[in-house]
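Take a look at the letters that make up each chain.
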Amino acid sequence: MFSSIKLSEFDSPQALVVAKFSDSPIDVYVKKFEDAAAIIAASARTECSGDLGKIAEAYPLREGGPTRIIIVGLGKKDKFKAADMRTAMAAVARRIAVTRDVKVTLAVSGPLSEVKADLETAGRGAGEAFGLLGWDSKQFKGKKAREDDKRVALELTADKKSFRNGIEFGLALAESTNYARTLSETPPNIATPQFIADLAKKMAKQLGLSCTVMDEKTLEKEEMVGHINVGKASENKPRMIRLAYTPEVVKKGKEKPVVLIGKTMTYDTGGLSLKVNNGMVGMKRDKDGGCAVLAAMHAIATVIKPKRPVVAILCSAENSISDEAYRPDDVLTYRNGVTVEITNTDAEGRLVLADGLIWACEKENPAYIVDLATLTGGVVVALGSTFCGMFCEDDTLRGKIEAAAAASGERVWRLPMHDEYRDMMKSPIADILNSNPNRKAHPVQGAAFLSYFVKPEVPWCHLDIAGVHASESDSGMFVKGPTGWGTRLLADLLSGE
Ligand code: BES
Ligand code: MN
Ligand code: ZN
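Summarised in this report is the structure supplied together with it. (Residues numbered from 1 in each chain as written. Chains lettered and ligands numbered in written order. Predicted model: local features only at pLDDT ≥ 70, side-chain atom pairs only at ≥ 80, totals over all residues. Heavy atoms only, no water.)

**Some points on the overall build of the protein**
Inference 1: A tally of regular secondary structure across the protein gives 17 helices and 19 strands.
Inference 2: Oriented by its inertia axes, the alpha-carbon framework of the protein measures out at about 80 × 50 × 45 Å.
Inference 3: The long-range fraction of contacts in the protein, counting pairs at least 24 apart against all pairs at least 6 apart in sequence, stands at 77%.
Inference 4: Accessible surface, the protein as shown: approximately 20600 Å² in total, 51% of it carbon and sulfur.
Inference 5: Counting 66 positive and 65 negative side-chain charges, the protein places the centres of these two groups 4 Å from one another. (Helix = DSSP H or I, 4+ residues; strand = E, 2+ residues; numbered from the N terminus. Contact = heavy atoms within 4.5 Å. Areas by Shrake-Rupley, 256 points an atom, 1.4 Å probe, with all protein chains shown as cover. Lys, Arg positive; Asp, Glu negative; His and termini not counted. Charge placed at Lys NZ, Arg CZ, Asp CG, Glu CD.)

**A short note on the pattern of salt bridges**
Inference 1: Tallying each qualifying case throughout the model produces 37 salt bridges.
Inference 2: Here D268 and K275 are joined by a salt bridge, their closest N and O atoms 3.7 Å apart. Across the pair, exposure class does not vary: D268 and K275 are buried alike.
Inference 3: For D419, the salt bridge is made with R422, and the minimal N-O distance between the two is 3.9 Å. Pair noted here: D419 and R422 are both in helix α15 (residues 419-424), with a separation of three residues, about one helical turn.
Inference 4: Beyond isolated ion pairs, a larger network of salt bridges with shared partners links R86, R124, E128, E410, R488 and D492. (Salt bridge = Lys/Arg side-chain N within 4 Å of Asp/Glu carboxyl O. Buried < 20%, exposed > 50% of the residue type's maximum accessible area, 1.4 Å probe, protein only.)

**Observations regarding the packing of aromatic side chains**
Each pair of aromatic rings is reported with the distance of its centres and the angle of its planes.
Inference 1: If you walk through the whole model with that rule in mind, you get six aromatic pairs.
Inference 2: A centroid spacing of 6.5 Å and a plane angle of 70° characterise the contact between F21 and Y29, whose relative ring orientation is edge-to-face. In this structure, F21 and Y29 share a single accessibility class: buried.
Inference 3: Ring centres of F21 and F80 lie 6.0 Å apart, and the angle between their planes is 75°; on these two criteria the pair is classed as edge-to-face. Highlighted residues: F21 in the loop between β2 (15-20) and α1 (27-30) and F80 in the loop between β4 (68-73) and α3 (84-99), separated in sequence by 59 residues. (Phe/Tyr/Trp six-rings, centres within 6.5 Å; stacked < 30°, edge-to-face > 60°.)

**Examining the coordination of the zinc ion (ligand 3)**
Where a metal carries four tetrahedral donors, each ideal angle is 109.5 degrees; where it carries six octahedral donors, the ideal angles are 90 or 180 degrees.
Inference 1: Coordination of the zinc ion (ligand 3) by the protein involves K263 (NZ), D268 (OD), D286 (OD) and E348 (OE), with metal-donor separations of 2.0 to 2.4 Å.
Inference 2: Seen from the zinc ion (ligand 3), its six donor atoms lie at angles of 77 to 172°, and the figure they make is octahedral.
Inference 3: Site description for the zinc ion (ligand 3): donor spacing in sequence, K-x4-D-x17-D-x61-E.
Inference 4: Separating the zinc ion (ligand 3) from the manganese ion (ligand 2) is a gap of 3.2 Å, bridged by D268, which donates to each. Highlighted residues: D286 in the loop between β9 (258-268) and α11 (288-304) and E348 in the loop between β12 (339-341) and α12 (349-364), separated in sequence by 62 residues.
Inference 5: Residue class for D286 comes out buried when judged on its relative accessible area of 3%. (Donors = N, O, S within 2.8 Å, 3.2 Å for Na, K, Ca; no water. Tetrahedral: all angles 85-135°; square planar, octahedral: opposite > 155°, others 65-115°.)

**Describing the sheet that holds β9**
Inference 1: A sheet is described by the order of its strands in space; here eight strands give the open sequence β7-β8-β10-β9-β13-β17-β14-β15, paired in mixed fashion. Across the chains shown, the open sheet's two edge strands, defined by having one partner strand only, are β7 (210-214) and β15 (412-414). The average undirected angle you get between the axes of adjacent strands in this sheet is 20°.
Inference 2: In the sheet, β9 pairs with strand β13 (residues 368-373) via five bridges, with the strands oriented parallel. Its bridge partner lying in β13, V259 is registered against I369.
Inference 3: Against the sheet, α11 engages β8 (239-245), β9, β10 (310-319) and β13, with an angle of about 140° to β9.
Inference 4: Strands β7, β8, β9, β10, β13 and β17 (460-464) of the sheet are contacted by α12, whose axis makes an angle of about 155° with β9. (Pairing = 2+ DSSP bridges. Axes fitted to C-alpha atoms, helices over the stretch in contact; angles between N-to-C directions.)

**Notes on the sheet that holds β12**
Inference 1: Spatial strand order, β11-β12-β16: three strands in an open sheet with mixed pairing. Lying at the two open borders of the sheet, with one neighbouring strand each, are β11 (331-333) and β16 (432-433).
Inference 2: As defined by bridge partners, β11 adjoins β12 across three bridges and the pair is classed as antiparallel. Following the sheet pairing, L332 is matched in β12 by V340.

**A closer look at the coordination of the manganese ion (ligand 2)**
Inference 1: Within the protein, the atoms that donate to the manganese ion (ligand 2) are D268 (OD), D346 (O), D346 (OD) and E348 (OE), at distances of 2.1 to 2.2 Å.
Inference 2: Metal-centred angles of 71 to 168° between the six donor atoms at the manganese ion (ligand 2) mark the site as irregular.
Inference 3: For the manganese ion (ligand 2), all donor residues lie on one chain, and their spacing in sequence is D-x77-D-x1-E.
Inference 4: Given a relative accessible area of 22%, D346 falls into the partly exposed group.

**Observations regarding the packing of helix α5 (residues 119-133) against helix α7 (residues 161-185)**
Inference 1: Taken N-terminus to C-terminus, the directions of α5 and α7 make an angle of 35°; their axes are 6 Å apart at the nearest point. For α5 against α7, the interelement crossing comes out right-handed.
Inference 2: Broken down by class, the residue content of the contact of α5 with α7 amounts to ten nonpolar, nine polar and four charged. (Left-handed = near helix turned anticlockwise from the far one by under 90°. Nonpolar A, V, L, I, M, F, W, Y, C, P; charged D, E, K, R; others polar.)

Taken by themselves, the reported measurements are silent on function.
Spelled out as structure tokens, the structure:
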């Protein structure tokens, strides 16, 4: 919606944004403003309800003044949370995209201070809303459409320094998140495992991360059987991509890295257990776990800069069909000795993630592991797009994830782990199978399967993002399409490290 957004300094905006609670008059907050009379008059109109995210406008007609004043609703005073700023500012950003004002001042600190909202957190929400709505959703339109898509280079400022600092942070988080969304949007004929490896290398070079890529030969040598088998049928060969962030000074006691693992299936046809009807459409987004992990590394290297090392592992393959495809009835022997009977080639994500988990536990000495994966349709049935399914039996890690979820607004809901589910994954011929055909508790089966590849002493959290990685409608901070879910949660998680 915007060609760029920058935090700037200016005195005369084209649009001034003020805020109003639904249950309190605006007068006290704006009485010292030059355009107080116009704002107060406009706020008396019924459409200026003050409901969260509702906007109304005033046109002051003052020489040298703003051409437009947007009055945005913050909802009920005692219900307001700084995070509501995302909703309020998304409405403002959407309006600004239409009015095409270039210089916009957010003068909303009055009402926020009255309810003791943290101004920096509120500013962050504003930065995220503008930044996420600034994402270019038209990258794959043709030349003409792109030329016609005239977007504004937006300049933002705010009335308080702390709010401006928040905007800056929010814009930075949005930029990283938009990186994930752009990659998610990139179609499977372009975004192959090698393409993603090249992108990771490029990012590493730009941001001072280290990056190594295992190609099909190395994967073979290292017994990464999940990647090899899932990726076998495609001419776009699998890659396991490792990125590492090393802080300038490692904090004492924080020497062990946090390991982030992302399912990065560049396309999921289902393999020989082929997806039917329209089940395949959209499966270019089966790489979104990896997109979020890569984007989180961007945020980590540019703004979060934790004092603990971070390792990212992207498990990337294309699940396709050919005479070389892996098949139901195959048995894979993993590097950690576990054998897996393939019952369904469409349960492929867990097979590549298993390689990543084994690698992390064996080679990285992780403080903890978090994996993100568009793993099951079942989690969409269970939780819709409101919560991500979280599996984590370690209380400390779960606390950290839940805190990061609260800070980022990326909601997680705990789902169960239990030995009965692990038993459900046992195979009559191998150690385990990749999917129990009884069709019970699919998301939990996925987590139970993965648990066979994590050393019991390593704290681990599995996030099934199949319901939240994309938005079906144009609403709030997101247009229809990829949300980059997890980028901001991981950034918040690492900002505590
Ligand atoms: N990538 C899919 C899961 C998915 C479904 C992601 C819908 C996003 C939206 C995954 O690889 C898959 O096919 N899962 C199967 C698992 C089953 C075969 C055990 C599923 O959910 O049906
Ligand atoms: Mn699948
Ligand atoms: Zn998949």
